[in-house]
Amino acid sequence: VYLPILSLQGIEGKMFKPMALTVAFAIMGAFLLSLTYIPMMSSLVLSKKLDHKATLSDRIMARIERFYQHLLERVLNWKKLIVSVAVGLFVISVIIMSNMGGEFIPELEEGDFAVDTRVLTGSNLSTTIDATQKTAKVLLENFPEVEKVVTKIGSGEIPTDPMPIEASDMMVIMKDKSEWKTAKTFDEMAEKMSEKLKDVPGITAGFQYPVQMRFNELMTGARQDVVCKLFGENLDTLAKYAALIGAQVNTVEGAKDLYVESVTGMPQVVIDYKRDQIAKYGLTISDVNRTVNTAFAGQSAGLVFEGERRFDLMVRMPLEARQQVSDIQGLLVATPQGLQIPLSELASVSVIEGPNQIQREDAKRRIVIGFNVRGRDVQSIVTELQEKINTNISFPPAYYITYGGAFENLNAAKNRLAIAVPVALLLIFLMLYMAFKSVREGLLIYSAIPLAAIGGVFALSMRGMPFSISAGVGFIALFGVAVLNGIVLITEFNRLKAEGMTDMKRVVLMGTKIRLRPVLMTAAVASLGFLPMALSNGAGAEVQRPLATVVIGGLVTATLLTLFVLPILFLMFEGKNAKSIPLTKSLGLIAFMIISSGALQAQTKITLDEALTQLQKNNLTLQQMDMRIKAMDALSSIKADIPSLSLNGEYGNINSAATDNRFALSQSFAFPTVYKHERDWNKKQSAISYQEKNAIQLQLIYEVKRLFYLSITTANRIELLQFSDSIYANAQSKSEAQLRAGEASAMEAAVLANQRMQIQQQLKEAEQQYFFHRLQLQQLLQSSDVPVPFSNDAIYPLVAMNYDVSATVPLRIQQLKIAAAESMWKADQARRLPSLSVGYSNMTIKGWQNIDGTDRFYDGQARFSTVSAGVTIPVFSRSLSKKSKASSLFLEEEKIRLKQVQQEEQMRYVQAQESWNLALKNVEAYETTGVLHANLITQQASDKMANGDINYLEWVTLINQTILIRSNRLDAIDQFNQQSFLLETFTPAP
């Protein structure tokens, strides 16, 4: 049971290996002692007659046994209900486990703080010293729990910990936790200290534990708990997106002490020469460079001798004359003519921010965004951050982000546990089989493992603990202890059956009564032993608590469920009188147990129906076509595209010298048939969009089926190549042995080695193809995980259909295009007809007007209305005639195209049908004859090999022929599947 713990590496290995070794040696010692003392003690006990009165514990235990027997008799009548409850609890525990957070190892409270303190990039030593002294003063004055503060700035003489001048480590030595008054926990103390340090300008501080910070730095190169590494080429782009990621980190609850690595910000003096000015004064670039170099860096002007020693005499400007940018600008440069020209005339001098540092990893530039974790687990924080970054930030091509630190260590440890836990479970099952010689009884005892996992998960959830490596080690230890109770019960049941008891219900009741005390004692000893660890609050308790919690919680449920569920399962299995299953045919029965131990790491298989459902639901191309169909439907619902209403107004001397006003409304209409044909054209365009979606959907379904069955046949090919590699490996080892014995030639060994190398190369190519097929399938399905196609048969079951080549989707699209072109032609014809217009006007009149010979005065209060109607005749209709002619030509073009599409579809269908018939014959030949021949060759070759008629090399050659037959069969199946998918594209258009 503890073997997988011994396989752990890294930090978790150093933590848990001593415990595993101690327990393993203790178990071995107890076993050896039991071989000597148990027979002696048992004979001594049996030789004495217990004639004393029953003690209080005996009476209490007798009452517990009677209560348990009474309850078990009732429970045995509810077999299906109890089993259903157990399965339901396991499903609930799997759901809880999938939603439970995770962390590498719990944080250990080391007693002191290590504060990563930084000031602005490019700051000098005095600035850093001043900032750290202010920080230390704030901590000492505001927190009486702080005993002293020690600061280390920059790198030491031996640069084992390289740091820039602006970075420093502050070791905050704390008093004993019992003397604290400001806060009760380290997290609360770190929060309050961080708030106080915000009053110190120009610094950033991150609180961690000293050893934890050093471990983080050694493992990931950064000091924070979680490190996001952004890779790219351009430094400015890296800095921009690092700031965006930092903004997302600040929105995640539990992410504290954000640190964004600075790649820019180093001030630099840049001298940009003006080449035209330099040439104007007869100077060269080298002349100006030499002057600047002499003034600020110094140049040798001669030699100074002191005895036998020789020194360069350096000339440069004094320190006070090279402090400011103006000193550089005012530097005088001598010209060949003897003039002194200031440098500002020859160049522009400026101070800019340049790169501070360029960090690389795997030969790529990268920038680090780190943060510490408080109050939450690492996995849930990183998962939330990944979702926010994927939603809100779109990286340019060739820029990507990785997540390291404690999250990377957690994933690496999970991957190791994903191997160690199934191996442990398999070893447990094999030992159970060897002990009982029965798969059925082994599986009965094995049922204690998922029952124990239920309690472990529930206990972690109730105590608010995330999954960690400590909890994972606890599960491994729990599984071994939980199996012991099942062994005790099943052994007693078998003993009672061997004594002649045939009533299985009586066997269960008697066996559980006899073994109740050992079962309870087994669970109680382990639970009570781990209880101090579960309740511990001392140093290192953070690592012990998850392990002990899992073991105690798991043993509680394992004991209760074993006392009730295991007897029920025993009755159900024995009631069927099933025969013992051979081991070679039963290993698949324990898949559920192994999967239950690593449900989070297992890959989800997908069937073809599920893949097609995901395609319809998630594919972005189909979603885009749905939006286009909705847009075209909206256009087709337009009854008529009528021009806008025209409103005009007039004011002034309209009817007389007096001012009056007038407003008019007018509306024009095309000939009514124009609107009818335009509406028909919109409907045809909507129908074309619908059929185009059908065409794309058929193509996508074809691609999904093709990749799905290619993945299946490629997986079969991988198995075949692995089998072939194992054969050649055995042949090669035997040939090398014969070569050393002088019984074989070097050429024979070389031939076998070359053939095996070719098979291994083919195996690598097949594995790569298998991954690529699944990756392409994932892209089509828009799935979050790479799918694993699953089917009971590698041959696609083509359903017999009546294919109608005259009604395929491409033909239907072309027919709709003809109808649309005809509607457009009719609309252009209708536009040559007169259009209509109606109008209405209303106006005032001011002044004298002669009405029927009578002069009347109007003061503008009365209004006068008119109604108008008109017809617009297209007299100059040459352009309309040209458009109509063009529309008719387009219509003829679409009709010709229809004939061409009909011919292409007919030819494509004939070719597909003939290819499918040929592929079907090939598959039938391999299924009926090829596989039989391969099996016959295998059988006869094995018989001749056993009789000594052929040697091993000849046997390998014959087996290689069978492998070639099976490989060609897979090729034939691939071809048949592709032609079947192609035939299905000839379905009639809806």
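**Here's the deal with the overall build of the protein**
When helices and strands are tallied, the protein shows 27 helices and 21 strands. Buried positions account for 39% of the 990 residues belonging to the protein.

**Examining the packing of aromatic side chains**
How two aromatic rings sit relative to each other is given by the distance of their centres and the angle of their planes. Taken as a whole and judged by the stated rule, the model has 8 aromatic pairs. With 5.6 Å between their ring centres and 50 degrees between their planes, Y241 and F395 make a pair best called tilted. Here Y241, found in helix α8 (residues 235-250), pairs with F395, found in the loop between α13 (378-392) and β15 (400-405); they are 154 residues apart in sequence, far enough to count as distant. Overall, Y241 belongs to the buried group, its relative accessible area being 11%. Here the aromatic residues F708, Y709, Y796 and F981 are joined through ring pairs into a cluster of three or more.

**Remarks on the packing of helix α21 (residues 608-618) against helix α22 (residues 620-636)**
Where α21 meets α22, the closest approach of the two axes is 6 Å, and the angle between their N-to-C directions is 45 degrees. The pairing of α21 with α22 is recorded here as oblique in orientation. Judged by residue contacts, L615, Q616, K617 and N618 of α21 engage L620, L622 and Q623 from α22. Along the lines of polarity and charge, the residues of the contact of α21 with α22 split into 3 nonpolar, 3 polar and 1 charged.

**Focus: the pairing of strand β9 (residues 309-315)**
Relative to β9, strand β8 (residues 299-306) runs antiparallel, the two sharing 7 bridges. When the sheet's bridge partners are listed, G302 is paired in β9 with L313. Once β8 ends, the chain turns through 2 residues before running back antiparallel as β9, passing G307 with a positive phi of about 70 degrees.

**Some points on a positive patch on the surface**
A surface patch of positive charge is lined by R63, R66, R506 and K513. Mapped onto the positive patch, the elements with two or more residues apiece are α3 (56-75) and α18 (504-535). Topologically, R63 is positioned in helix α3. R63 gets classed as exposed once you look at its relative accessible area, which sits at 60%.

Cut-offs used in this document
- Residues numbered from 1 in each chain as written.
- Predicted model: local features only at pLDDT ≥ 70, side-chain atom pairs only at ≥ 80, totals over all residues.
- Heavy atoms only, no water.
- Helix = DSSP H or I, 4+ residues; strand = E, 2+ residues; numbered from the N terminus.
- Buried < 20%, exposed > 50% of the residue type's maximum accessible area, 1.4 Å probe, protein only.
- Phe/Tyr/Trp six-rings, centres within 6.5 Å; stacked < 30°, edge-to-face > 60°.
- Axes fitted to C-alpha atoms, helices over the stretch in contact; angles between N-to-C directions.
- Parallel < 35°, antiparallel > 145°, perpendicular 65-115°, else oblique.
- Contact = heavy atoms within 4.5 Å.
- Nonpolar A, V, L, I, M, F, W, Y, C, P; charged D, E, K, R; others polar.
- Pairing = 2+ DSSP bridges.
- Patch = residues over 30% accessible without salt bridge, like charges linked within 9 Å, V, L, I, M, F, W, Y side chains within 5 Å.
- Areas by Shrake-Rupley, 256 points an atom, 1.4 Å probe, with all protein chains shown as cover.
- Salt bridge = Lys/Arg side-chain N within 4 Å of Asp/Glu carboxyl O.
- Lys, Arg positive; Asp, Glu negative; His and termini not counted.
- Charge placed at Lys NZ, Arg CZ, Asp CG, Glu CD.

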